[in-house]
Amino acid sequence: MDLALEKGELDALTADVRKTHTIISGHSELLRLLRSPIIHPAKKMPILDLVFSGRIHPILMNFIEILVRKHREEHLLEIIKVYLQRYNDYKNIKSVRITTAVAIDPALQQAVAESLRESKDSTIELETSVDPDLIGGYVIRYGDKQYDASILRNLTRLRKEFDQNTYVKRY
């Protein structure tokens, strides 16, 4: 990241890091290749060259080569996740995940993102998902915080209160 900053190519490198993460995560064979202690690094590198060479930023390709040479290629996905977290911190981008019972429209997504912005120079990266088990309401995960305003949570809380009711005699 520091080298890309120095060269003024941070956004291009980050786009390729995201693309690399998607490719590796989406292909279990490639992930098994990276994590296999049986396959020698000398055999892994030509395969990785075929997959990535000329398709990703040279800084990233050189980094992958160093990882393979040092027998650390099994940690590539974890390194990518940490890189993306560091990039988000540098660019003041906050990741927010909202889960609802039904899909929400883009206008509401924009309103949620705007309400969660801490300052004018921060950016919210909103990820949405649908979970019909919530019945209604929503769950927002923002950093290390979670706000659960779902009907499922309220029903679960009520069930626990009824189970622990001290006013009902139990025979």
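Residues numbered from 1 in each chain as written. Predicted model: local features only at pLDDT ≥ 70, side-chain atom pairs only at ≥ 80, totals over all residues. Heavy atoms only, no water.

1. Some details on the packing of aromatic side chains
As a reminder of what qualifies: Between the rings of Phe, Tyr and Trp (Trp by its six-membered ring), a pair exists once the centres lie within 6.5 Å; its type follows the angle of the planes, with under 30 degrees stacked, over 60 edge-to-face, and the other angles tilted. Between buried and exposed lies partly exposed: a residue is buried under 20% and exposed over 50% of the maximum accessible area for its type, with that area taken using a 1.4 Å probe on protein chains only.
On inspection of all chains with the given rule, the structure shows 1 aromatic pair. Summarising the aromatic geometry, the rings of tyrosine 138 and tyrosine 147 are spaced 6.1 Å apart at their centres and angled 40° between planes, so their arrangement reads as tilted. Under the relative-accessibility criterion, tyrosine 138 is labelled partly exposed at 31%.

2. A word on the packing of helix H2 (residues 10-26) against helix H5 (residues 58-69)
Counted only if it meets this: The convention used is that axes are lines fitted to C-alpha atoms, helices contributing only their stretch in contact, and that angles between N-to-C directions extend from 0 to 180 degrees. Helix numbers and strand numbers start at the N terminus; a helix is a DSSP run of H or I with at least 4 residues, a strand a run of E with at least 2. Relative orientations are named as follows: roughly parallel for angles under 35 degrees, roughly antiparallel for angles over 145 degrees, roughly perpendicular for angles from 65 to 115 degrees, and oblique for any other angle. Working rule for contacts: check all heavy atoms of both residues, and any pair within 4.5 Å makes them a contact. Residues were grouped as follows: Ala, Val, Leu, Ile, Met, Phe, Trp, Tyr, Cys and Pro as nonpolar; Asp, Glu, Lys and Arg as charged; and all remaining residues, including Gly, as polar.
Two elements in contact, H2 and H5, have axes separated by 9 Å at closest approach and are oriented at 50°. It follows that H2 is oblique to H5 by the angle criterion. Contact residues: Leu13, Asp16, Val17 and Thr20 in H2; Ile59, Leu60 and Ile64 in H5. Its residues assigned to classes, the contact of H2 with H5 shows 5 nonpolar, 1 polar and 1 charged.

3. Here we look at the pairing of strand E4 (residues 145-148)
Going by this rule: Two strands are said to pair when DSSP picks up at least two bridges between them.
With 4 bridges connecting them, strand E3 (residues 138-142) and E4 associate as antiparallel partners. Counterpart to arginine 141 in the pairing with E4 is glutamine 146.

4. Let's talk about unusual backbone geometry
Most of the time, phi is negative for any residue but glycine, and the peptide bond is trans. For histidine 71, which is not glycine, the phi dihedral falls at a positive 60°. If you trace the backbone, histidine 71 turns up in the loop between H5 and helix H6 (76-91). A positive phi angle, near 70°, is found at isoleucine 135, a position not held by glycine. By the element assignment, isoleucine 135 lies in the loop between strand E2 (123-130) and E3.

5. Quick word on H5
Worth spelling out the cut-off: Multiplying one less than the number of residues by 1.5 Å gives the expected span of a helix.
With 12 residues, H5 extends 16 Å between its outermost C-alpha atoms, agreeing within 8% with the 16 Å of an ideal straight helix rising 1.5 Å per residue. Along H5, the residues that are buried comprise Ile59, Leu60, Met61, Ile64, Leu67 and Val68. Backbone geometry just after H5 places histidine 71 at a positive phi near 60°.

6. Re the packing of helix H4 (residues 41-52) against H5
Definition in use: Should the near helix be turned anticlockwise from the far one by less than a right angle, the crossing is termed left-handed; should it be turned clockwise, right-handed.
Close contact between H4 and H5 brings their axes to 10 Å; oriented N to C, the two are set at 165°. Between H4 and H5, the angle is such that the two are roughly antiparallel. Of the two possible hands of crossing, H4 and H5 adopt the one that is right-handed. Mapping the contact onto sequence places Pro41, Met45, Leu48, Asp49 and Phe52 in H4 and Met61, Ile64, Glu65 and Val68 in H5. When the residues that make up the contact of H4 with H5 are grouped by side-chain class, the tally is 7 nonpolar, no polar and 2 charged.

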